[in-house]
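The primary structure of each chain is shown beneath.
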Amino acid sequence: MSPDTGSKPTSAIAAGPGERLVQQLTHLLPAEAAVVRVRLLGPHTLWPHLRLTAVTECGHAVRVPRAKALTMARWIIRSFPHAGWADTDGHAFDLRTAQLRGLSA
């Protein structure tokens, strides 16, 4: 049998939740997006509202449709439940390093 030369090489399964999340998000975001900022607006209400902003390396906002933004925000919050979402001003998920960090006020 000849090897299949037309397919992409399979990569190893990502180790942590951050790496798996990067793989999922990069398929939904424009290529220039480098960081995704997620905020939980109204954390003390029964149904909190999520806000997601994608930015480039230079800090310019990248347009993300509302439905995709809500889906991605939920994925990030569920991937990092220990991050204390209700107690902070939000977090930034770096798509290059797969690390979550807090946003400064």
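Quick look at the structure, then. Predicted, not measured: the structure shown is a model, and the values here were computed from it. (Residues numbered from 1 in each chain as written. Predicted model: local features only at pLDDT ≥ 70, side-chain atom pairs only at ≥ 80, totals over all residues. Heavy atoms only, no water.)

1. Things to note about the sheet that holds strand 5 (residues 99-102)
So, step 1. Strand order in the open sheet formed by five strands is 3-2-1-4-5, with antiparallel pairing between adjacent strands. Lying at the two open borders of the sheet, with one neighbouring strand each, are strand 3 (61-62) and strand 5.
So, step 2. Bridge analysis of strand 4 (residues 91-94) against strand 5 gives four bridges, and the strand direction is antiparallel. Along strand 5, the bridge assignment pairs A92 with R101. (Pairing = 2+ DSSP bridges. Helix = DSSP H or I, 4+ residues; strand = E, 2+ residues; numbered from the N terminus.)

2. A short note on the nonpolar core
So, step 1. Ranked by size, the top nonpolar core spans 25 residues in total, and within it L29, L52, I76 and F93 carry the most contacts.
So, step 2. Elements supplying a minimum of two residues to this core: helix 1 (17-28), strand 1 (35-41), strand 2 (49-55) and helix 2 (66-79).
So, step 3. Per-element accounting of this core gives the leading share, six residues, to helix 2.
So, step 4. With residues near it in sequence (within four places) discarded, L29 still touches V36, A54, V64, M72 and L95. (Core = buried A, V, L, I, M, F, W, Y, C linked by side-chain atoms within 4.5 Å. Buried < 20%, exposed > 50% of the residue type's maximum accessible area, 1.4 Å probe, protein only. Contact = heavy atoms within 4.5 Å.)

3. Observations concerning the packing of helix 1 against helix 2
So, step 1. The contact between helix 1 and helix 2 brings their axes to 10 Å, and the two run at 175°. Considering their axes alone, helix 1 and helix 2 lie roughly antiparallel with respect to each other. Along its contact with helix 1, which presents P17, L21, Q24, L25 and L28, the element helix 2 presents K68, M72, W75, I76 and S79. (Axes fitted to C-alpha atoms, helices over the stretch in contact; angles between N-to-C directions. Parallel < 35°, antiparallel > 145°, perpendicular 65-115°, else oblique.)

4. Digging into the pairing of strand 4
So, step 1. Residues H91 and F93 of strand 4 are buried on one face, and the alternating residues A92 and D94, pointing to the opposite face, are buried as well.
So, step 2. Pairing of strand 1 with strand 4 involves four bridges; the strand directions are antiparallel. From the neighbouring strand, V36 faces strand 4, where its bridge partner is F93.
So, step 3. Between strand 4 and strand 5, which follow one another and run antiparallel, lie four residues, and A98 among them has a positive phi close to 60°.

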